[in-house]
Amino acid sequence: MFDIATIRQQFPILTVEAHPGVPLIYLDSAASSQKPTAVIEAMNAYYRTYNSNVHRGIHALSEAATDAYESARQQIADFINADYAETIFTRNATESINLIAYSWGRQNLQPGDEILITAMEHHANIVPWQIISEMTGATVRHIPFTADGTLDLSNLDTLLTERTKLFAFTAVSNVFGTINPVRQLVDAAHAVGAIAVVDGAQAVPHSPVDVKAWDADFMVFSSHKMGGPTGVGILYGKCALLEAMPPYMGGGDMIRRVSLEKSTWNELPYKFEAGTPAIAEGIGLGAAVTYLSALGMENVHAHEQTITHYAYEAMHTVPGLTIIGPGAAERGGLCAFTLAGAHPHDIAQLLDEDGIAVRAGHHCAMPLHKILGISATARASFYVHTTTTEIDQLVTSLHRVRKILRL
Ligand SMILES: Cc1ncc(COP(=O)(O)O)c(C=O)c1O
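These lines cover the structure that appears in this document, whether it is placed above or below. (Residues numbered from 1 in each chain as written. Predicted model: local features only at pLDDT ≥ 70, side-chain atom pairs only at ≥ 80, totals over all residues.)

**Regarding the overall build of the chain**
Next up, step 1: Along the backbone of the chain there are 14 helices and 17 strands.
Next up, step 2: The C-alpha atoms of the chain give 22 Å as radius of gyration, which agrees with the globular expectation for 407 residues (22 Å, within 12%).
Next up, step 3: The principal-axis extents of the C-alpha atoms in the chain amount to approximately 70 × 55 × 35 Å.
Next up, step 4: Relative to its full complement of 407 residues, the chain shows a buried share of 46%.
Next up, step 5: At a minimum sequence separation of 6, the contacts of the chain that also span at least 24 residues come to 69%. (Helix = DSSP H or I, 4+ residues; strand = E, 2+ residues; numbered from the N terminus. Rg over C-alpha atoms; globule rule 2.2 N^0.38 Å. Buried ≥ 20, exposed ≤ 12 C-beta atoms within 10 Å, placed from the backbone. Contact = placed C-beta atoms within 7 Å.)

This is the structure we're talking about:
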């Protein structure tokens, strides 16, 4: 049972006013989500009662901190059906992708090799591949998208070939909302001997994800988009790949032995975790995962589907409004849109006067917008606390935007 009234009470920020007398309607969860009390309290408890460094002390506080941090890792691993050693703490999805590019990419790519991405990627899944291709001589190619914002797989055979060494794609587009056929794409990569990197930043927060069912070689996501704090993210990687990769950064914790001449590396997952980690944040992400698991990820997904269908219909009643991307049934919980004659930044600013937080801009997907021939869109995105009443208020406010801008 998805009790939305109770869920809303679990997010303290939802009682805050955006402006004096104007309640907050938060429709920007795809950029960063709000945090439930359970997460805030878990982080508070660490700082108030057992703040200490992990892995380093034999005193009580350090043991408590290490226990909590490593228990969080196990909870996160279970959440995506990964093994403990394959679940690496990073700063965010972006750092996870960079880690793959610098470690796996520098070891495995050479001139003549190809990296395949898609034209709907977030910059985090474009730029690291461009940087690593310049370093290694590999070439970056991309799969285009169709008019309705789904991947155009009609020429996949010519794009994904035995020259392709790595295929990186998003599970869910942060602009179109498109839910991509992950397992099909992973299988296609494996069929030509390439590894598959799945950007789960917009998938893991919103629906059940099972890295083994996907057969992904690597999968990345960020805590702050799933009710957890900023400053922590996850890299999942298959053990055999991670074992064969060199460290990304050197320093404390990631070593087994150090001499002044040479060092050897710690076992997984620590080999990729140099230096003191974001301890409170890791514990906070563990609490977020516990919170979402208690709601049930199937229920989270079903709720967002309901809201997305409702929003898709309701927003289309606004004259001149176009939602980019596929129909409601094929998308995750977000709607990026244009309003004829209005700049997305003006839309966002006028909605903000009504307390409605949406994002405007290119959403770190400049290539996608360039292909569409537009510089920006406005985006409303939804989460576990979003109600149909809030969508009604968004639509009312969009009518007001049209009136003010005399459209
Ligand atoms: C699809 C996708 N990939 C990657 C990222 C990067 O996430 P972060 O900035 O937390 O590293 C985002 C964030 O918006 C995203 O939506």
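**Quick look at the site of the ligand**
Next up, step 1: With respect to spatial proximity, 13 residues lie near the ligand, and among them Asn92, Thr94, Asn174, Ala201 and Ser222 are the closest.
Next up, step 2: Each residue belonging to the shell around the ligand can be placed in one class, and the counts come to four nonpolar, eight polar and one charged. (Near = placed C-beta within 6 Å. Nonpolar A, V, L, I, M, F, W, Y, C, P; charged D, E, K, R; others polar.)

**Thoughts on the sheet that holds strand S16 (residues 359-361)**
Next up, step 1: An order of S13-S14-S17-S16 is seen for the four strands of this open sheet, with the pairing classed as antiparallel. The strands lining the two open edges of the sheet, one partner per strand, are strand S13 (321-323) and S16. For this sheet, the mean inter-axis angle between neighbouring strands, taken without regard to orientation, is 30°.
Next up, step 2: When strand S14 (residues 334-339) meets strand S17 (residues 377-381), the two strands line up antiparallel, connected through four bridges. In the strand pairing of S17, Leu334 is matched with Ser381.
Next up, step 3: Where helix H11 (residues 297-315) meets the sheet, it contacts S13, S14 and S17, and its direction lies at approximately 10° from that of S14. (Pairing = 2+ DSSP bridges. Axes fitted to C-alpha atoms, helices over the stretch in contact; angles between N-to-C directions.)

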